[in-house]
Every structure is written in structure tokens, then in C-alpha cells.
Amino acid sequence: MSELSDEWRSKELRIAFVPTMGYLHAGHTSLMQIAQSNGDIVVSSIFVNPIQFAPHEDLDKYPRDLARDQKMAEQAGTVVLFVPSEKEMYHQDFQTFINVEEITRGLCGRSRPGHFRGVTTVVAKLFNIVKPHCAVFGQKDAQQVAVIRMMIRDLNYAIELIVGPIVREPDGLAMSSRNAYLSAQERQDALVLFKSLEHARKLVQNGERNSHVVVAEMEKIVNSVDSSRIDYIEIVDNRTLLPLDSIHDGTLLALAVYIGKTRLIDNCIINLP
Ligand code: PAF
């Protein structure tokens, strides 16, 4: 992979990179299409990164289908699909980690300690191997985007960060590989995430600016189904991820909710005139 990248770079070809954990869906392929229009060569990776999962999380059952992924990635413009093995990525004596500190403490970082340390470590390794000019990440993982942005700045990676919009099912559910875990009833219940964001957006459009009022309204909607358990619903600054008492243009509304045993996340950025 690294040699290919050197060769492309020597020919002044622009490398656009999409890191994934596979089990691709339209959200991933949309990122590959964005990569295609931002580079000469699209490299995507599939690596289910063990160090971003806590011991009790879903590493072993994380869905995998390489044959299907290969077809989808190719159709979406990926030229090279980089699929390293765990052994290649982590030497048995591996002991070097990248940790972005403050902005990984809240939101998903609170209930998934160590998760972002695993993400930034693997993304740094992938950046070093693939040597992209730009990398495309999905807005659905809003905190991941903020953390990677900070890592790129702090570690002086000469990589442009491009953020692709959230891709949704026709009924509004944000696409996620973890949607595959949902039963038919849970799939229906999972719509409360999107519905609560839509309701919040309307409240803000109608003039509400108090974050606590908006969060309370969102909680009511999420709690209206039996299978849900809120991990967090928060209103924060999109860059620093610090909590905000009042909502401004560009404010991030983010939530993580268990539907049955499946933890789902979603978010929206408020646009005010
Ligand atoms: O968003 C993901 O799928 C993963 O966190 C990433 C960026 C591929 C790192 O493992």
C-alpha cells in the first residue's frame, strides 16, 4: 500500500482516502464518491479495529462481508481497497498510542473510555501507510470528526479533512452498520433518534434557544418507546464539543441511545439565518 502511494505521489496524483470498518452501506459509498471528486485515486480501507472496542463491546459480532464490500467499494470508485490483517496492524508488542485529550472526554468518550484513543491511533497509522492528500469522514460520527480534525492540526498532518453529510434511510434512520443488529420492532423504535432531532430543529426554527428546554423535549420523544435507553442527549459547540446553554448557528445536537442492546448515534448541526 505504502509503495503504491509513493508511486502515485511521485506522479503528482492526489490520493483521497476513506477509512472504514467494512460492512459497507450507502453512507460509506457516498464518502467514496466524495473522495472521487476530490482526488485522482480513491483508496478505501476496511479494518475492524480491535483497540477501539472495549472488552464488553461488539468486536466479535461486528458484521463483516468482504466479498460484498469489495463490489460496493469498486462501484463507488475505490481503486485500491486496503484490508490489512490485525497482525499487520498491531505487532504483538504494540505499545504506542495517539490520544487527543479534552474533546474525547465527553459525549461518546464518556461511555466508551479508550474508544477515541483506539480510533486516533489506527487513523494515524492508516494515514502514515496510505499517505493521502485528503481523507473523507462521515458527519454521523460528529465527535470522531472533531477529534480527527484536532489530531490533524496538532500532529501537523498535511491532510485535508473532508466531511460527508449523514446518509439516511427513506424514513430518516441514519445509516449504520450496527442497524443490522436491530429486530423489526427495534428498527421501528430506532426512528426516535431522527424524530427527536427533527423536533429539536423545529423548536429552534420557531425561536427556542434554551438548550435545556430542547434536550428535555428530545428526551420525551426518545423515551416514548419501551426499547430505548438514553446514553446522552447534548447540545455542544461543533468544534470544541463543550456544552452550550444556548443554541447558536453551527451548534451541534448529538445523541446516543440504546435501542434494546444496540447503541445508535445521530446528530444535526443547527443552521440559523
Ligand atoms: O468510523 C469508523 O468506521 C472507524 O472509527 C474508523 C475511522 C474507520 C477507524 O477505525
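Preceding block: the structure.
Throughout what follows, the structure given in this document is the object of discussion. (Residues numbered from 1 in each chain as written. Predicted model: local features only at pLDDT ≥ 70, side-chain atom pairs only at ≥ 80, totals over all residues. Heavy atoms only, no water.)

1. As for the nonpolar core
So the rule is basically this: In these notes, a set of buried Ala, Val, Leu, Ile, Met, Phe, Trp, Tyr and Cys residues joined through side-chain atoms within 4.5 Å is what counts as a nonpolar core. When a residue's accessible area, from a 1.4 Å probe over protein chains only, is under 20% of the maximum for its type it is buried; when over 50% it is exposed; and in between it is partly exposed. Think of it this way: any DSSP run of H or I at least four residues long counts as a helix, any run of E at least two long counts as a strand, and we number them from the N terminus. Residues count as neighbours in contact if any of their non-hydrogen atoms are within 4.5 Å of one another.
By size, the foremost hydrophobic cluster in this structure holds 40 residues, and its most contacted members are V43, V123 and F127. By residue number, the principal contributor to this core is helix α6 (residues 115-130), which donates 8 residues. Discounting residues that sit within four places of it in the chain, F127 has contacts with F17, P132, A135, F137, I148, M151, I152, Y157 and I159. Grouped together as the second largest cluster of nonpolar side chains are 25 residues, L193, I235, C268 and I270 included.

2. Some thoughts on empty space enclosed by the protein
Put simply, the rule is: For each structure, a 1 Å grid was placed over the protein atoms alone; sets of points admitting a 1.4 Å probe that cannot get out are labelled cavities, open sets with protein on both sides within 12 Å along at least five of seven lines are labelled pockets, and lining residues have an atom within 4 Å of a point. Grid points are joined across faces, edges and corners, and a volume is the space filled by probe spheres set on the points.
Under the definition given, this model contains 1 cavity of 30 Å³ or more. Space inside the largest cavity adds up to approximately 40 Å³. K140, L173, A174, S176, N179, L193, L264, I265 and D266 are the residues that line the largest cavity. Examining the composition of the lining of the largest cavity, we find that 3 residues originate from one element, strand β8 (residues 262-269), more than from any other.

3. A closer look at the pairing of strand β7 (residues 252-259)
Heads up, the condition is: Any two strands with at least two DSSP bridges between them are considered paired.
The element β7 is extensively covered by neighbouring structure, given that 7 of its 8 residues are classed as buried. Summarising the sheet, strand β6 (residues 228-236) and β7 pair through 8 bridges and their orientation is antiparallel. Bridging from a neighbouring strand, I230 pairs with V257 of β7. Note: β7 against β8, 8 bridges, orientation antiparallel. Opposite I259, over in β8, you have T262 as the bridge partner.

So, to be careful, I would describe these as geometric facts and stop short of saying anything about function.
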